[in-house]
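Chain by chain, the residues:
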Amino acid sequence: MLDDDDGREGAPSQVVPLEAWLARHASNSIDERNLAWGAYCVLNALAFMHGADKCHGQITPRSIMVTSSGDWKLWGFEVSTHLVPKLGNDPTQDASLSFFRAHERLVDDAYRSPERRAQDWEAMASTRVGASDVWALAKVLEAAYAAARDRGLPRELAVWTRRMSADAPSKRPTAEQVLRGCPLFRQPFLKDLAALQDLSATSIDDQVAFYERLDEATKRDLDGVETTGALDEVLWRGACVHKLLPKLVATLDIALSPAGGDDASRRKVVQAALPLVAQVVPLLDDAEHDSASDDEDRKDKDRLKKRLTDAIERAVVLKDRAVRLATLKRVAVLEPLLSAEFVNKTFFDAMLLGFGDEDDDHRLQTLVALLSLTPKLNEKNRTDRLLRVVKRLEADRSAKIRTNVIIFYGKLVPDLPDALKVRVALPAFLKALDDKTSYVRLAAVRALGACRDHFDANVAARGVVPKVAPLILDASPAVRDAASPCVDAFLSLARTEAEAMTRADEAKKKAAADREHDKARRAAEARGAGTAGAPPQQQGGGASPANARRGHKAPATTTTAEPPPASSSSSPPPQTG
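None of the values given here were measured: they were computed from a predicted structure.

Asker: What is the right way to read the overall build of the protein from this model?
Answerer: Counting its regular elements, the protein contains 25 helices and 7 strands. For the protein, the proportion of its 577 residues judged to be buried stands at 47%. The long-range fraction of contacts in the protein, counting pairs at least 24 apart against all pairs at least 6 apart in sequence, stands at 68%. A total accessible area of about 30,400 Å² is found for the protein, and carbon and sulfur atoms account for 52% of it.

Asker: Is there a simple way to explain the pattern of salt bridges in this structure?
Answerer: Pairs can form between side chains of opposite charge once their charged atoms are near each other. Counted under the stated rule, the structure contains 29 salt bridges. D192 serves as the salt-bridge partner of R213, at 2.9 Å between the closest nitrogen and oxygen. Linking R213 in helix α10 (residues 204–217) with D192 in helix α9 (residues 188–197), this pair joins segments that are 21 residues apart in sequence. Put simply, K380 and D384 hold a salt bridge, and the shortest N to O gap is 3.4 Å. Here the residue K380 and the residue D384 both occupy positions in helix α19 (residues 379–393), the gap between them amounting to 4 residues, near one helical turn. The exposure class assigned to K380 is exposed, which follows from its relative accessible area of 53%. By relative accessible area, which is 26% here, D384 ends up partly exposed. Each of E358, D360, R363, D396 and R397 takes part in one network of salt bridges that share partners.

Asker: For this particular structure, what's the right way to read the nonpolar core?
Answerer: Judged by nonpolar contacts, the single largest core of 146 residues is most densely connected at W72, F185, F429 and L448. Ranked by the residues each element gives to this core, the list is headed by helix α2 (residues 32–51), at 11 residues. Not counting residues within four places of it along the chain, the set of residues in contact with F185 comprises A36, A39, Y40, L43, L157, V178, L179 and L190. Judged by nonpolar contacts, the second largest core, of 5 residues, contains C55, F100, W121 and V129.

Asker: Explain the packing of aromatic side chains to me, please; I cannot follow it from the model alone.
Answerer: How two aromatic rings sit relative to each other is given by the distance of their centres and the angle of their planes. In this structure the tally under the stated criterion is 6 aromatic pairs. Their ring planes at 75° and their centres at 6.4 Å tell us that W21 and W72 sit as a pair that is edge-to-face. Here W21 is found in helix α1 (residues 18–24), whereas its partner W72 is found in strand β4 (residues 72–74), with 51 residues between them in sequence. Judged by relative accessible area, which is 2%, W21 ranks as buried. On the basis of an interplanar angle of 65° and a centroid distance of 6.0 Å, the ring pair of F210 and Y211 is categorised as edge-to-face. By relative accessible area, F210 is classed as buried at 5%. Ring pairing ties together the aromatic residues W37, Y40 and F185, which thus form one cluster. The ring centre of W160 lies 4.5 Å from the NZ or CZ of R163, which sits over that ring.

Asker: Please clarify how helix α12 (residues 237–256) should be interpreted in this entry.
Answerer: Since the α-helix advances by 3.6 residues per turn, residues separated by three or four positions end up pointing in the same direction. The end-to-end C-alpha distance of α12, which contains 20 residues, comes to 27 Å, matching closely the 28 Å that a straight helix rising 1.5 Å per residue would cover. At L244, α12 shows its maximal kink, close to 35°; a proline, P246, follows between one and four residues later. Along α12, 16 of the 20 residues are buried, which leaves the element largely enclosed by surrounding structure.

Asker: I keep staring at the packing of α9 against α10 and nothing clicks. Help me out?
Answerer: Axis angle and axis distance: for two packed helices, these are the angle between their axes and the distance between the axes, and together they describe the pair. It is the contact of α9 with α10, at a shortest axis distance of 11 Å, that shows an interaxial angle of 155°. Judged on the interaxial angle alone, α10 and α9 are roughly antiparallel. Every pair of crossing elements has a handedness; the one defined by α9 and α10 is left-handed. Contact residues: D192, A195 and L196 in α9; F210, R213 and L214 in α10. Broken down by class, the residue content of the contact of α9 with α10 amounts to 4 nonpolar, no polar and 2 charged.

Asker: Would you explain the sheet that holds strand β1 (residues 15–17) in this entry?
Answerer: Pairing between the strands of a sheet is mediated by backbone hydrogen bonds and can be parallel or antiparallel. Read from one edge of the open sheet, 3 strands run β1-β3-β4, paired in antiparallel fashion. Sheet topology places β1 and β4 at the edges, where each strand pairs with a single neighbour. Neighbour to neighbour, the strand axes of the sheet diverge by 35° on average, direction disregarded. Two strands pair when backbone bridges link them, and β1 and strand β3 (residues 64–67) are joined in this way by 3 bridges, in the antiparallel orientation. For P17, the partnering residue across the bridge sits in β3 and is M65.

Asker: Before we go on, may I ask you to explain helix α7 (residues 155–164) in this structure?
Answerer: Listing the buried residues of α7 in full gives L157, A158, W160, T161 and M164. Its buried side turned inward, α7 meets α6 (131–148) and α8 (175–181).

Asker: Got a minute to help me understand the confidence of the model for the protein in this structure?
Answerer: Any region with low pLDDT has predicted coordinates that should not be read closely. Averaged over all residues, the pLDDT of the protein equals 81, while 82% of them reach at least 70. Low confidence marks residues 1–12, where pLDDT is under 50. Its contacts with residues over four positions away, or in another chain, come to 29 contacts.

Asker: For this particular structure, what's the right way to read the environment of A143?
Answerer: Mapped onto the secondary structure, A143 falls in helix α6. In the structure, A143 is positioned 10 residues away from L153 in sequence and 9.2 Å away in space, judged by C-alpha atoms.

Criteria and cut-off values
- Residues numbered from 1 in each chain as written.
- Predicted model: local features only at pLDDT ≥ 70, side-chain atom pairs only at ≥ 80, totals over all residues.
- Heavy atoms only, no water.
- Helix = DSSP H or I, 4+ residues; strand = E, 2+ residues; numbered from the N terminus.
- Buried < 20%, exposed > 50% of the residue type's maximum accessible area, 1.4 Å probe, protein only.
- Contact = heavy atoms within 4.5 Å.
- Areas by Shrake-Rupley, 256 points an atom, 1.4 Å probe, with all protein chains shown as cover.
- Salt bridge = Lys/Arg side-chain N within 4 Å of Asp/Glu carboxyl O.
- Core = buried A, V, L, I, M, F, W, Y, C linked by side-chain atoms within 4.5 Å.
- Phe/Tyr/Trp six-rings, centres within 6.5 Å; stacked < 30°, edge-to-face > 60°.
- Lys NZ or Arg CZ within 6 Å of the ring centre and 35° of its normal.
- Expected span 1.5 Å × (residues − 1).
- Bend = angle between axes of the 7 residues up to and from the residue.
- Axes fitted to C-alpha atoms, helices over the stretch in contact; angles between N-to-C directions.
- Parallel < 35°, antiparallel > 145°, perpendicular 65-115°, else oblique.
- Left-handed = near helix turned anticlockwise from the far one by under 90°.
- Nonpolar A, V, L, I, M, F, W, Y, C, P; charged D, E, K, R; others polar.
- Pairing = 2+ DSSP bridges.
- pLDDT = per-residue confidence, 0-100.

The structure is reproduced here in structure tokens:
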């Protein structure tokens, strides 16, 4: 079983043969620091073996395993045996070499030293132990660097590999001499990794000192401003995730356990470990897949995240002001590890204590930290408890805090209900426009401009524009520069609404005119239809059926008998007597 270097007790590291590891990363650039560390690991292992008069006998890319943390481990001890320089007529020499002779064909020919290929067992027994291992390692390193970089071995290492691959065994350096003589293996990061390798065996105070020194090495001065976050410049990402982070978690586990010591000891550990934890956490999803399989890699990371989350949850609820402040400064980075249930039930209440602190920086860090946690807060905590606490900070004595309250509201507005936007955020913005401190006013103007789309035209015309317009003549140039485009933006919003209202009024007038026109048209059509469809009046004055039904009587008419037409015969009328 390989050494446990991933921080899990009793669990071996996931490993892959060097040959397969190089092939897997052929398309990606392999960090040269990883190669240097791997060579350093193998040389240390060989130096230990050779010091015990043992020869490995099978140094090839298949007999070197690469762990998830980037360590190179020796494997394949099938032909390893005990060898010592020949002493006179010692009969054991032949016995010690017989194993090599019987299994010589198991070793790749490309990694067999000249004396082995020539089967010069006398020369092998008469020189220092491990000369053939050193020759084979030179060939392994040449192959590894050729696969990882186009330009081959680094110059400082190439000088030594030429000596290591000398034909005469007596001219080859020992593994110990290579470690001490090659400048490549005297780099500071190798010392840090070597110390990290044995860190678990040291005291808590030594571990704290190591973390503080490593954190100091990550600091950079940019234009006079000290910054941190260069951990991946000190160690490659795989080492940060798979080697350093497990050690940090193990240290936190010990310190935060019931037997971890007093509050002062816990405080020292948390303050030393958290800065490095905050730098490693963002690398968890970006680190190279160095383990035996992607599935195993995910499982290892999930287990590590669970342990880290447990440690952080125990740290942040400590009733220690210094620990809470150290945690608050890094909540934005650690937030992905905190569950919503823990945030709402435990962490939120612990953080609210920071608003009652007398120190301005503590209150400020609490406010900034809560902003990163708002997506995980439930409805009651976000829209009730949080807003009530922040409301009290609007009149805080520190202008820095008042400024960040406005920034806080500005970032929170998109997630607030419309009623709270107008009832809580807008009054805070408008109040801050009258603040005596220029950068509070500037924050309010910028927040209003950023939240323009969350307020309607009525708010723009009656609330924002009248308050922001005077700041176009503010004493601060920065406020003046920000106020003018802010007023333009809200005026544009109001104008757009006014134009929409005008179009709506015109549409109403047109609709009313169209209705009147349609009404008149229908009336005219109705009159025309009535005239054309009336029944003709009956001659003779008889009562029409309609009139008869309504009970009307037809007016009486007098008929005059007309004389009969004259006869057409010529006979005279009859005579009367």
